[in-house]
Amino acid sequence: MSNAAIYLTVGSVGRAWAVQLLDDAGAPVNLTLASNAAFSMTPRAGGAQKVNAPAIIGNGTYTLPDGSSATYTPADGVLIYQPVAADVDTDGTFRGQFSYDMPAGPVVDPGAGYLDIIIQAAV
């Protein structure tokens, strides 16, 4: 996975969080045989897990935050999570991970480090 961060404001649930998984050579991770995608999120400072919910493997046409659209197949390595209000009701810095199953066993990405999620207070 490339280094990624998601920035948003408390209460902002209108945009899905999408991450493209990349291998060491920078090519998309093929998720064609993947199943059981999930997303989890905990406060960076520690504490109880805030999110543990199903995610989806990109397979279709999606509207991006800038209003454009993109079409993905599982071979593009895109995982998507749509936050709900309880996920983004607290400002702070969080760490997130996607997980999924492959025929050889479960995988957690990023494998080293975390996806940074920064939720700022509304003004």
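The model shown is predicted, which means the values in this text are computed figures rather than measured ones.

Caption draft 1: Region of interest: the nonpolar core. Grouped together as the largest cluster of nonpolar side chains are 23 residues, with contacts concentrated most on Trp 17, Phe 39, Leu 79, Phe 98 and Ile 117. Counting only elements with at least two residues in this core, the list comes to strand S1 (5-9), strand S2 (17-20), strand S3 (35-43), strand S4 (51-54), strand S8 (78-81), strand S9 (92-102) and strand S11 (115-120).

Caption draft 2: View of the pattern of salt bridges. One pass over the full model with this rule turns up 2 salt bridges. Of the charged contacts, one joins Arg 44 and Asp 116 as a salt bridge, the two residues approaching to 2.3 Å between their closest N and O atoms. Taken together, the positions of Arg 44 in the loop between S3 and S4 and Asp 116 in strand S11 put the pair 72 residues apart, joining distant regions of the chain. Looking at Arg 44, the relative accessible area reads 35%, which means it is partly exposed. The closest approach of N and O atoms between Lys 50 and Asp 89, which form a salt bridge, is 2.7 Å. Of the two residues, Lys 50 sits in the loop between S3 and S4 while Asp 89 sits in the loop between S8 and S9, which places them 39 residues apart along the sequence. Relative accessible area serves as the criterion here: at 27%, Lys 50 is assigned to the partly exposed category. Among the residues examined, Asp 89 registers a relative accessible area of 46% and is labelled partly exposed.

Caption draft 3: Quick look at the pairing of strand S6 (residues 60-63). Bridging between S6 and strand S7 (residues 69-72) involves 4 bridges; their strand directions are antiparallel. Counted as the bridge partner of Tyr 62 is Ala 70 from S7. Following S6, the chain reverses through 5 residues before pairing antiparallel with S7; Gly 67 in that reversal takes a positive phi of roughly 95°.

Caption draft 4: Layout of unusual backbone geometry. In this model, Asp 109 is joined to Pro 110 through a cis peptide bond whose omega is 0°. Position of Pro 110 relative to the elements: it lies in the loop between strand S10 (105-109) and S11. Phi is positive for Asn 36, which is not a glycine, with a value near 55°. Within the element layout of this structure, Asn 36 appears in strand S3. Exposure remark for Asn 36: the relative accessible area of 56% places this residue in the exposed category.

So, how was this worked out
Residues numbered from 1 in each chain as written. Predicted model: local features only at pLDDT ≥ 70, side-chain atom pairs only at ≥ 80, totals over all residues. Heavy atoms only, no water. Core = buried A, V, L, I, M, F, W, Y, C linked by side-chain atoms within 4.5 Å. Buried < 20%, exposed > 50% of the residue type's maximum accessible area, 1.4 Å probe, protein only. Helix = DSSP H or I, 4+ residues; strand = E, 2+ residues; numbered from the N terminus. Salt bridge = Lys/Arg side-chain N within 4 Å of Asp/Glu carboxyl O. Pairing = 2+ DSSP bridges.

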